[in-house]
Structures are given as structure tokens and as C-alpha cells.
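# Architecture at a glance
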Amino acid sequence: MGVKIKSNDDRIKAAAIAVLLLSRDQLARGRSGGLIAAALDAYRNDYAGYKTAHPKRDLAAAKDLSVFKNARQRADYERLIAAVEGLLARIERNRTQFSSLVELDNFLAFNLKTLGL
């Protein structure tokens, strides 16, 4: 039986940062559509590759916009950052708990899909 993932658990913020970092990589390559689910899948299934590709895995590193040459991609990514920060604040404020990592990933994907990324 799994342990509850409480609202202050580091795994929530780590998954959100992974979404940002992996989505930023895909946006910079010109890809769009399905980025959130793909980022969560890559994070869960290839954690070693994620760690290798992103030695700095914090919110400050995720906010780096220097990889974008296209203004539209930069704007899309800034919207994603704002949405993730708002979602993290909502999780903390409402003291949301998750029963598993799958439930956490589904919550993130569902709440971020409105961005159309």
C-alpha cells in the first residue's frame, strides 16, 4: 500500500519542475501538442536521462528563457511557468493529497492541458 503524497511533499514540486524543463526542451525544438503528458512520461520512465540532461533541477533553472529564439515559443513557455506556479500554490493552499505518483501525474496533466501545449 502506497503512502499519501501530501501537499508539502518534494515529489510534487519535482514533477512540476520536470514538466517545465522537459517541455522547454521540446518547445525549443519546435514541437508542440501533448508536451505535458510526454514530459511526465519521460520523467517517470527515463529518470536517469532526465538527471543527465538537466543537472540543475530547480525552479530558477526552469525559468531560464535563453534557449528560445522564437518569441511565440517564449510566450508559450512563460504561460506554462505561470500555470505551474499557480497550480503549485493551489495544491499548497488546498492541502491537496495524492494517493500515488500516477494520480499526481494525472492531476498535473489534466490541470495543465488547458494551455494547449
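Described in the following lines is the structure provided in the data block. (Residues numbered from 1 in each chain as written. Predicted model: local features only at pLDDT ≥ 70, side-chain atom pairs only at ≥ 80, totals over all residues. Heavy atoms only, no water.)

Bringing the layout of surface pockets into the picture now. Of the voids in this model, the largest pocket is the one considered here, and its volume is about 180 Å³. Contributing to the lining of the largest pocket are 15 residues, with L22, D25, Q26, A42 and H54 lying nearest its centre. Listing elements by their share of the lining of the largest pocket, those giving two or more residues are α1 (10-28), α2 (35-45) and α3 (47-53). Broken down by element, the residue count for the lining of the largest pocket peaks at five residues, all from α2. Taken together, the residues that form the lining of the largest pocket break down as eight nonpolar, four polar and three charged. (1 Å grid on protein atoms, 1.4 Å probe; cavity = no way out; pocket = protein on both sides within 12 Å on 5 of 7 lines; lining within 4 Å. Points joined across faces, edges and corners; volume = space filled by probe spheres on them. Helix = DSSP H or I, 4+ residues; strand = E, 2+ residues; numbered from the N terminus. Nonpolar A, V, L, I, M, F, W, Y, C, P; charged D, E, K, R; others polar.)

Turning our attention to the pattern of salt bridges. Under the definition given, this model contains four salt bridges. The partner of R11 in a salt bridge is D9, with the nearest N and O atoms 2.8 Å apart. Residue R11 is classed as partly exposed on the basis of its relative accessible area of 36%. Across the pair D76 and R79 runs a salt bridge whose closest N-O atoms are separated by 3.9 Å. With D76 and R79 both in helix α5 (residues 71-94), this residue pair falls three residues apart, about one helical turn. (Salt bridge = Lys/Arg side-chain N within 4 Å of Asp/Glu carboxyl O. Buried < 20%, exposed > 50% of the residue type's maximum accessible area, 1.4 Å probe, protein only.)

Let us now look at the packing of α1 against α2. For any two helices packed against each other, one specifies the crossing angle of their axes together with the interaxial distance. Running from N to C, α1 and α2 point in directions that differ by 115 degrees, and their axes come no closer than 8 Å. Viewed along their axes, α1 and α2 form a crossing whose handedness is right-handed. Here α1 contributes A14, A15, A18, V19, L22, S23, Q26 and L27 to the contact with α2, which in turn contributes L35, I36, A39, L40, A42, Y43 and R44. (Axes fitted to C-alpha atoms, helices over the stretch in contact; angles between N-to-C directions. Left-handed = near helix turned anticlockwise from the far one by under 90°. Contact = heavy atoms within 4.5 Å.)

Turning to the packing of α1 against helix α6 (residues 101-112), a few remarks are in order. Axis separation between α1 and α6 bottoms out at 11 Å; the angle between their running directions is 45 degrees. Looking at the two axes, α1 sits oblique to α6. You can see that α1 and α6 cross each other, and the crossing is right-handed. On α6, the residues touching R11, I12, A15, A16 and V19 of α1 are L101, L104, L108 and L112. When the residues that make up the contact of α1 with α6 are grouped by side-chain class, the tally is eight nonpolar, no polar and one charged. (Parallel < 35°, antiparallel > 145°, perpendicular 65-115°, else oblique.)

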